[in-house]
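Chain residues, written in single-letter form:
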There are 2 protein chains.
Amino acid sequence: MDEHTAKAFDAELKEISGKIQAMAHVIEQQIASASEVLASGDMVLAKQVIAADNQVDALQREVEEKAVITIARRQPVAVDLRDVVGALRISNDLERIGDLAENVAKRALISAQDFQAIAGVTLRLQHMSELVLEQLKNVIQAYVAKDTGTAEEVWRADQEIDALNNSLFRELLTYMLENPRNITFCAHMLFCAKNIERMGDHATNIAETVYYIVKGTSLPGERPKADVTSLGTLTKD
Amino acid sequence: MDEHTAKAFDAELKEISGKIQAMAHVIEQQIASASEVLASGDMVLAKQVIAADNQVDALQREVEEKAVITIARRQPVAVDLRDVVGALRISNDLERIGDLAENVAKRALISAQDFQAIAGVTLRLQHMSELVLEQLKNVIQAYVAKDTGTAEEVWRADQEIDALNNSLFRELLTYMLENPRNITFCAHMLFCAKNIERMGDHATNIAETVYYIVKGTSLPGERPKADVTSLGTLTKD
């Protein structure tokens, strides 16, 4: 790239990165609000979370369009190319996180009348949400600062969320066993926990993409994985 | 594009399309095998479904790389550009379908000892799988033939899968109510049904992308949606 092209490329990349940060901002709001709905059953707030999905989708399309134009116009290579491709991947993971937050809000809403039915369940879901929110904020920071150290930390920290999901999964099953009236509520909470756990997985994907953008290789080693709810280590009754 | 560029572009596009078809082929196998594992609890088959995920991921990266090179080299516009961007989106949905099939195989495996515990549940899951498989085959055919009519049919047919998921959701809750010993098994089956329903959603996404590639606009009208399990129309006990 000549100097002019390089400058133009940097400006376009900055615009893409700005849109990704805008997406992340909306989604952080969605996660926080969905968690709030779990505690309060607040209808108005739930509808806001659901409505924000259109905004996220529109931003994702903008990132995609801008990225494609940039690739066609500037024909970037090496780290520059990874930067644009990485942005595409990140916007995709962010969009999925937004969908999951929307789904949590919907489920929280229908379970509204059962709130506090089982002490502590929604509290623990909120705790999971907080951890995910933290992960998301850190990984977006890592993306903006091209900080692979923070990306690696996020990558490792996902285990804690997985572990919480495991223990909540077992706990919810015991509540179902205790009283059949808990079953519908607990089934929805199972999905909420799983959704939040998957948000964490997407944050981990983003951490991998940040590492790829900066280093051009994958993160070394196997992805730490503590979600065993679908891996056969469950107790059976 | 001059004639030489146009020919080179067509060849590259054909290669991308070929990789997408290869991905779809692996994933169709995964869905069929995961469904088989639901019926048989066959460990070896389940492990094959899980192992195929690496192959799918590798193919997705290849589509992505090839698409990016094509955009940079040929600077396509209008329908040509939509073709490449559409391929990126489709490979992404396919990758998610593969993940979901893998998850069904894992859950089927841990529930193996409970098979046939509840007459008909695994049969109905298999029926859902068959419908999804049909949808996937049709939508990939629509992609290859640029056939928006078939894409629209796929788009509409997703409602049937959603409806099956709804009725299975209710049915599973009643089995949980009837006998606490069913709860663990049924919780896994809830996730299996949801996973299969989401595979259908991704096939619907692909139908929308095919329409976008050919027409340059979105499919008219609201997406038909019959999945109400997260929308508050559940019976409460």
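Residues take numbers from 1 onward in each chain, read along the sequence in its written order. Each chain gets a letter, beginning with A, and each ligand a number, beginning with 1, in the order they are written. Where totals are concerned, whole chains, interfaces and linings use all residues; where local detail is concerned, this predicted model gives features only for residues with pLDDT of at least 70, and gives and counts side-chain atom pairs only at 80 or more. To obtain the side-chain values, all non-hydrogen atoms of the structure were used and water was disregarded.

Engineer: I'd like to hear about the overall build of chain A, residue by residue, with values.
Structural biologist: Put simply, DSSP marks the helices as runs of H or I at least four residues long and the strands as runs of E at least two long, and each gets a number from the N terminus on. Each helix and strand in chain A was counted, giving six helices and zero strands. The order of helices and strands in chain A, counted from the N terminus, is α-α-α-α-α-α. Taken over C-alpha atoms, the radius of gyration comes to 20 Å for chain A, in line with the 18 Å a tight globule of 237 residues would show. If you line up chain A on its principal axes, its C-alpha atoms span 70 × 40 × 20 Å. Each residue's exposure class comes from its accessible area (1.4 Å probe, protein chains only) as a fraction of the maximum for that residue type: buried when under 20%, exposed when over 50%, partly exposed otherwise. Relative to its full complement of 237 residues, chain A shows a buried share of 59%. Residue contacts follow a heavy-atom distance rule, with two residues in contact if any of their heavy atoms lie within 4.5 Å. When contacts within chain A are restricted to residue pairs at least 6 apart in sequence, those whose partners lie at least 24 apart make up 85%. C-alpha atoms define the radius of gyration, and 2.2 Å times the number of residues to the power 0.38 defines the globule rule.

Engineer: Help me get a handle on the pattern of salt bridges, residues and values and all.
Structural biologist: Residue and element names in this part refer to chain A. Salt bridges are defined by distance alone: a side-chain nitrogen of Lys or Arg within 4 Å of a carboxyl oxygen of Asp or Glu. Overall, the coordinates contain 20 salt bridges over all chains when judged by the stated rule. Between R124 and E171 there is a salt bridge; the shortest N-O distance is 2.3 Å. Remark: E171 occurs in helix α5 (residues 148-178) and R124 occurs in helix α4 (residues 121-145); sequence separation between them is 47 residues. Accessibility expressed as a relative area gives 29% for R124, which makes it partly exposed. Accessibility expressed as a relative area gives 16% for E171, which makes it buried. Here the residues in one salt-bridge network are E12, R73 and R74, joined through shared partners.

Engineer: Please set out the nonpolar core residue by residue, giving values where relevant.
Structural biologist: Take the buried Ala, Val, Leu, Ile, Met, Phe, Trp, Tyr and Cys residues and link them wherever side-chain atoms come within 4.5 Å; each set so joined is a nonpolar core. The biggest cluster of nonpolar side chains holds 150 residues, and the ones touching the most others in it are L94 and L125 of chain A together with L94 of chain B. Apart from the residues lying within four places of it in its own chain, the contact partners of L94 of chain A are I20, M23, A24, I27, L136, I140 and I206 of chain A.

Engineer: Explain the packing of aromatic side chains to me, using residue names and the numbers behind them.
Structural biologist: For Phe, Tyr and Trp, rings pair up if their centres lie within 6.5 Å, where Trp contributes its six-membered ring, and each pair is then called stacked (planes under 30 degrees apart), edge-to-face (over 60) or tilted (otherwise). Inspection of every chain in the model, using the stated rule, returns one aromatic pair over all chains. Here the aromatic rings of F191 of chain A and F191 of chain B are separated by 4.7 Å at their centres, their planes lie at 55 degrees, and the arrangement is tilted. Remark: F191 of chain B occurs in helix α6 (residues 183-215) and F191 of chain A occurs in helix α6 (residues 183-215); the pair is interchain, linking two chains. Here F191 of chain A matches F191 of chain B in class, with each residue buried. By the criterion adopted, a ring carries a charge over it if an Arg CZ or a Lys NZ lies within 6 Å of its centre and within 35 degrees of its normal. For the cation-ring pair, R89 of chain A lies above Y212 of chain A, with the distance from its terminal atom to the ring centre recorded as 4.5 Å.

Engineer: Can you explain the packing of α5 of chain A against α6 of chain B? Please cite residues and give values.
Structural biologist: An axis is simply a line fitted to the C-alpha atoms; with a helix, the fit covers only the stretch in contact. Between two such axes, the angle follows the N-to-C directions and lies from 0 to 180 degrees. The interhelical angle for the contact between α5 of chain A and α6 of chain B, taken along N-to-C directions, is 125 degrees, at an axis separation of 10 Å. Judged by the inter-axis angle, α5 of chain A sits oblique to α6 of chain B. Here α5 of chain A runs over α6 of chain B; the crossing is right-handed. Each of F169, L173, M176 and L177 of chain A in α5 of chain A lies in contact with α6 of chain B, whose residues at this interface are I183, T184, A187, H188 and F191 of chain B. Side-chain classes follow a simple rule in which Ala, Val, Leu, Ile, Met, Phe, Trp, Tyr, Cys and Pro form the nonpolar group, Asp, Glu, Lys and Arg form the charged group, and the remainder, Gly included, forms the polar group. A class-by-class count of the residues in the contact of α5 of chain A with α6 of chain B yields seven nonpolar, two polar and no charged. An angle counts as roughly parallel when it lies under 35 degrees, as roughly antiparallel when it exceeds 145, as roughly perpendicular when it falls between 65 and 115, and as oblique in every other case. By definition, any crossing whose near helix is turned counterclockwise from its far helix by less than a right angle is left-handed, and any crossing with a clockwise turn is right-handed.

Engineer: Got a sec to walk through the side chain of D93 of chain B? Specific residues and values, please.
Structural biologist: Within the secondary structure, D93 of chain B is located in helix α3 (residues 78-110). With no salt bridge to any partner, buried D93 of chain B finds its closest opposite charge in R96 of chain A, at an N-O distance of 6.4 Å. Positive residues here are Lys and Arg, negative ones are Asp and Glu, while His and the chain termini are left out of the count.

Engineer: Describe the confidence of the model for chain A, and please don't skip the residues or the numbers.
Structural biologist: Residues and elements named next belong to chain A. Chain-level pLDDT for chain A is 87 on average; 91% of the residues reach the 70-or-more range. Per-residue confidence from the predictor is given as pLDDT, running between 0 and 100. Every residue in residues 231-237 is under pLDDT 50, and counting partners more than four places away or in other chains gives 19 contacts. As a predicted assembly, this complex carries a pTM of 0.80 together with an ipTM value of 0.73.

Engineer: Pulling in residues and values, what's your account of the side chain of Q60 of chain B?
Structural biologist: Residue and element names in this part refer to chain B. Looking at where Q60 falls in the secondary structure, it is placed in helix α2 (residues 43-74). Note on Q60: relative accessible area 11%, which makes it buried. Those residues in contact with Q60 that lie beyond four places of it in its chain are M23, S91, N92 and E95.

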